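# Topology and contacts: notes
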Amino acid sequence: MVVELRASKHTGKRRRIMAGMRPTGRMHIGHLLGALNNFISLSDGNDCFYEIADLHALTTKFERSAEIAGDVREMVTDWLAAGLDPAKCTIYLQSHIPEISEMTVLLSMITPVSWLERVPTYKDQINALGSEIATHGFLGYPVLQTVDIAAFKGEGVPVGQDQLPHLELCREIVRRFNHLYGPVLVEPEAILSETPYVPGTDGRKMSKSYDNALLLADDDATTLAKIKTMFTDPEKIRKSDPGHPETCPVFFFHGIVNPSNADSIAHRCRAGQLGCVENKADMAAHFNRFLAPIRERRRKLEERPGDVDEIIADGTKKARTIAQATLAQVKAAMGLM
Ligand code: SF4
């Protein structure tokens, strides 16, 4: 079910929104355009809970678990540098709320294995990453995901079209719980968000695993060097060749960081009046200007790393109180002592 943002129908107060990200270290421009900007705009007028999903990171990174703490700090530093305001939302660390893990055990008791096996990404991910990730925890991650939302009585969850089946499974688990034990949990609704396709430097979807990402934290010289190697229209060999900007990642980024000139760039590219080398240097300059305020905020945050830890600790304390209350209700409804 897809809904408009509005006041909570349960409390009449600001709508409770829950979203999270696996900590993967430094964020790239695709994260900013696809999720982070959405987090920031939802924080205005909603009661937003943003989870650092470090337990989810373990499902695929259990052999390199020691890296996760560093990834958490890097990711949250980028969240804050990008403009996420901890005064307007709650930022918390999943693994520091043990009630989430306890409630996951309880909800896993009522979740049929067949529901988990039919999640579209389950087999896809095993095919992509290998059978070594086919652990109990990986199969059960949709239950953990359900608890991430249900523990905070999240009413709205920003999702892309491809994540709708996960949310539907979460809704099914909540319905099953409420049917068995009474109406304790809230069935979350989807807030369908547009996730733009952001190309990486090689023309494939931007992803750190493809090594094609433009990081928010990169310095100007690194950004320029990466953009110089960026994939362009393969039919445009010489400046005078007519190009196809609509297929060119360099042009895609002009649309983001230099929108007022995009029409004229497209025209000159098509007319054989613009060379790729010149256009890449121009885009890199605009790209660096676009990210300059974020990079400046990041630099200041890096000078005071304790501030990031404190923001996470404060948010986790607040979020834990809510999870504790929900867990108590869940246990009471189940009749546990
Ligand atoms: S001129 Fe610019 S937009 Fe056209 S193909 Fe080259 S890099 Fe892409």
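Above this text sits the structure in question.
In this report, the structure presented in the accompanying data block is examined. (Residues numbered from 1 in each chain as written. Predicted model: local features only at pLDDT ≥ 70, side-chain atom pairs only at ≥ 80, totals over all residues. Heavy atoms only, no water.)

If you tally the helices and strands in the chain, you get 14 helices and 5 strands. Taking 337 residues into account, the globule formula puts the C-alpha radius of gyration at 20 Å, and the chain, at 22 Å, falls close to it. Reported as C-alpha extents along the three principal axes, the dimensions of the chain are approximately 75 × 40 × 40 Å. Taking all 337 residues of the chain together, 49% fall into the buried category. Put simply, of all contacts in the chain between residues at least 6 apart along the chain, 76% involve residues at least 24 apart. Summed over all atoms, the accessible surface of the chain reaches about 16300 Å², with 55% contributed by carbon and sulfur. If you average the places of the 40 positive and of the 43 negative side-chain charges in the chain, the two averages end up 2 Å apart. (Helix = DSSP H or I, 4+ residues; strand = E, 2+ residues; numbered from the N terminus. Rg over C-alpha atoms; globule rule 2.2 N^0.38 Å. Buried < 20%, exposed > 50% of the residue type's maximum accessible area, 1.4 Å probe, protein only. Contact = heavy atoms within 4.5 Å. Areas by Shrake-Rupley, 256 points an atom, 1.4 Å probe, with all protein chains shown as cover. Lys, Arg positive; Asp, Glu negative; His and termini not counted. Charge placed at Lys NZ, Arg CZ, Asp CG, Glu CD.)

In this section: the environment of isoleucine 52. Position of isoleucine 52 among the secondary structure elements: in strand β2 (residues 47-52). With a relative accessible area of 0%, isoleucine 52 lands in the buried category.

Quick look at helix α8 (residues 141-150) now. With 9 of 10 residues buried, α8 is to be regarded as a mostly interior element. Taken residue by residue, α8 has Tyr141, Pro142, Val143, Leu144, Thr146, Val147, Asp148, Ile149 and Ala150 as its buried positions.

What follows is about the site of the ligand. The environment of the ligand is made up of Thr232, Asp233, Lys236, Cys248, Val250, Phe251, Cys269, Leu274, Cys276 and Asn279. Within the residue set of the shell around the ligand, elements represented by two or more residues are α11 (249-257) and α13 (276-303). (Near = heavy atom within 4 Å.)

Keep in mind these values describe shape, not function.
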